[in-house]
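# An overview of the molecular structure
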Amino acid sequence: MTQSLGGLIRRNGLPLIAAGALAGIALPGLAEATRPGLVGISIVVMLFGLLRIEPAAFGQVLRRPGLAVLILLWVTLGVPLLVWLVLGAVLPPGSAFLAAAVLMSATPSIMSAAAFALLLGADAALLTVVALPSNALAPIWLPLVAGLMGVGAQVDPLDMAIRLAVMVGSSFAGAALVVWALGRPRLRQAAPTIDAWLVVLVTLSALPCMAGVGEALSARPLQFLGMIGFALGLNLLLQAIGYLVFRPAPVAGALSAALVSGSRNMVLLLAALGAPGDSDLGLIVAAAQLTLFIMPMLVAPAYRALARHRAMR
């Protein structure tokens, strides 16, 4: 990737990622055709994200794991409980919006959290440490919450655990191999190029994530737009609450907690619920999947402003 092209991609990374998701909706055939490659793309996204994290950063998180543990408890237990208490007071028990909101907030952190952290100025090492146990708990925790909400989520815990293990193991092993072959100094020099490729890969991953969403939007456009508004509002509100809860932490840690408070691994939930257009619940979760790729472009100015404000104090 040439230097000028790489710089252009990095400068426009967040809009490009949003455009990738919109392209997946506008071109449903392309989204469906790329769907078998989603796991492979996700592994490479994780691998490239790991290449940008210094071993010392992982060591620092692991030597003082308190913040990582608190964020993990917050996103696993605190956020879904908060959503259930607040929305349960204003929405009827059988509401698809209530069930979707609780399930989405109980879904684990996105596995590509490092990539989003690098683009938004959060702590990539911290979010990777949080994402691993968060996703490891998913095969047990997600079906349990679905059952409590009266939702028939078709989750095979063993299959999900194996799939997640393959993704994590492959990405870490691949990153270790690249570090061994090239060395950390060369990777540090190549950081701008790696960042550009991260943008490209996350954009490509948005295409298969939108499989079935275009058809659902065409069938129920007004309802789907309302669901996008609901999902986006929930995501942004949870990010704001997450930041306020962890505001005493260093700014990168607080921004990391904000990011994972609202941004979750919706691919797992969609796989459990079936095609997006089969139910209101599935359509709401599909809308949330779309907001995952649009949201970074919307919150980036606020993240940068908060980082600058905290740095000046």
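Residues numbered from 1 in each chain as written. Predicted model: local features only at pLDDT ≥ 70, side-chain atom pairs only at ≥ 80, totals over all residues. Heavy atoms only, no water.

## Describing the side chain of Ser105
Basically, it comes down to this: In DSSP terms, a helix is any run of H or I states spanning at least four residues, a strand is any run of E spanning at least two, and both are numbered starting from the N terminus. Whenever a nitrogen or oxygen atom comes within 3.5 Å of another N or O atom, the pair is scored as a polar contact, on the condition that within protein one atom can donate a hydrogen and the other can accept it, and that pairs from neighbouring residues in sequence are kept only if both atoms are in side chains. Throughout, a residue-residue contact means that at least one pair of heavy atoms, one from each residue, lies within 4.5 Å.
Structurally, Ser105 is set in helix H7 (residues 96-106). One polar contact links the side chain of Ser105 to the main-chain carbonyl oxygen of Val102, over a distance of 2.8 Å. Filtering out sequence-adjacent residues up to four positions away, Ser105 remains in contact with Val75, Val79, Pro80, Val83 and Arg264.

## Concerning the pattern of salt bridges
Our working rule: Here a salt bridge means any side-chain nitrogen of Lys or Arg lying within 4 Å of a carboxyl oxygen belonging to Asp or Glu. The classification of residues rests on relative accessible area computed with a 1.4 Å probe and restricted to protein chains. Under 20% of the type maximum is buried, over 50% is exposed, and intermediate values are partly exposed.
In total, this model carries four salt bridges according to the counting rule given. Two residues, Arg220 and Asp280, come together in a salt bridge whose shortest N-O distance is 2.3 Å. Here Arg220, found in the loop between helix H13 (213-219) and helix H14 (221-245), pairs with Asp280, found in helix H17 (residues 280-312); they are 60 residues apart in sequence, far enough to count as distant. On the accessibility criterion, Asp280 (35% relative accessible area) is partly exposed.

## Re the layout of surface pockets
In plain terms, the rule: For each structure, a 1 Å grid was placed over the protein atoms alone; sets of points admitting a 1.4 Å probe that cannot get out are labelled cavities, open sets with protein on both sides within 12 Å along at least five of seven lines are labelled pockets, and lining residues have an atom within 4 Å of a point. Grid points are joined across faces, edges and corners, and a volume is the space filled by probe spheres set on the points. Amino acids are sorted into nonpolar (Ala, Val, Leu, Ile, Met, Phe, Trp, Tyr, Cys and Pro), charged (Asp, Glu, Lys and Arg) and polar (every other residue, Gly among them).
When its volume is computed, the second largest pocket comes out at roughly 310 Å³. Surrounding the second largest pocket, Ala57, Gln60, Val61, Arg64, Leu67, Ala68, Asp123, Ala125, Leu126, Pro250, Ala252 and Gly253 form its lining. Broken down by secondary-structure element, the contributors of at least two residues to the lining of the second largest pocket are helix H5 (55-63), helix H6 (66-88), helix H9 (124-148) and helix H15 (251-262). In terms of residue count, H5 provides more of the lining of the second largest pocket than any other element does, three residues in total. Residues of the lining of the second largest pocket, tallied by class, amount to eight nonpolar, two polar and two charged.

## Some remarks on H7
Across the 11 residues that make up H7, a large majority, nine, are buried. Those residues of H7 that sit buried are Leu98, Ala99, Ala100, Ala101, Val102, Leu103, Met104, Ser105 and Ala106. At the N-terminal end of H7, a side-chain oxygen is found 3.1 Å from the backbone nitrogen of Phe97, two or three residues along, and the residue is Ser95.

## Observations regarding the nonpolar core
We apply this condition: Residues belong to one nonpolar core when they are buried, are Ala, Val, Leu, Ile, Met, Phe, Trp, Tyr or Cys, and are joined through side-chain atoms within 4.5 Å.
One finds Ile71, Val83, Met104, Met210, Phe224, Leu290 and Phe293 to be the most contacted residues of the largest nonpolar core, which totals 95 residues. A per-element tally of this core places H17 first, with 15 residues. Ignoring any residue separated from it by four or fewer positions in sequence, one finds Val83 in contact with Gly88, Ala101, Val102, Ser105, Leu234 and Leu238.

## A word on the packing of H14 against H15
Rules: Lines fitted to the C-alpha atoms define the axes, with helices restricted to the stretch that makes contact. Angles between their N-to-C directions range from 0 to 180 degrees. Relative orientations are named as follows: roughly parallel for angles under 35 degrees, roughly antiparallel for angles over 145 degrees, roughly perpendicular for angles from 65 to 115 degrees, and oblique for any other angle. By definition, any crossing whose near helix is turned counterclockwise from its far helix by less than a right angle is left-handed, and any crossing with a clockwise turn is right-handed.
Contact geometry of H14 with H15 gives a least axis separation of 7 Å together with a crossing angle of 150°. The angle between H14 and H15 places the two elements in the roughly antiparallel class. The chirality of how H14 crosses H15 is right-handed. Contacts between H14 and H15 involve Asn235, Leu238, Gln239, Gly242 and Tyr243 on the former and, on the latter, Ala254, Leu255, Ala257, Ala258, Leu259, Ser261 and Gly262.

## Quick notes on the confidence of the model for the protein
Predicted coordinates in regions of low pLDDT should not be interpreted in detail. The cut-off we apply is this: Along the chain, pLDDT gives the predictor's confidence residue by residue, from 0 to 100.
Overall, the predicted model of the protein reaches an average pLDDT of 85, with 93% of residues at or above 70. Averaged pLDDT values for the elements of the protein fall to 70 in helix H16 (residues 266-273) and rise to 94 in H6.

## Here we look at H15
Counted only if it meets this: One less than the residue count of a helix, multiplied by 1.5 Å, gives the span that helix is expected to have.
Here H15 spans 17 Å end to end across 12 residues, near enough to the 16 Å set by a 1.5 Å rise per residue. Along H15, 10 of the 12 residues are buried, which leaves the element largely enclosed by surrounding structure. By the burial criterion, the buried members of H15 are Gly253, Ala254, Leu255, Ser256, Ala257, Ala258, Leu259, Val260, Ser261 and Gly262.

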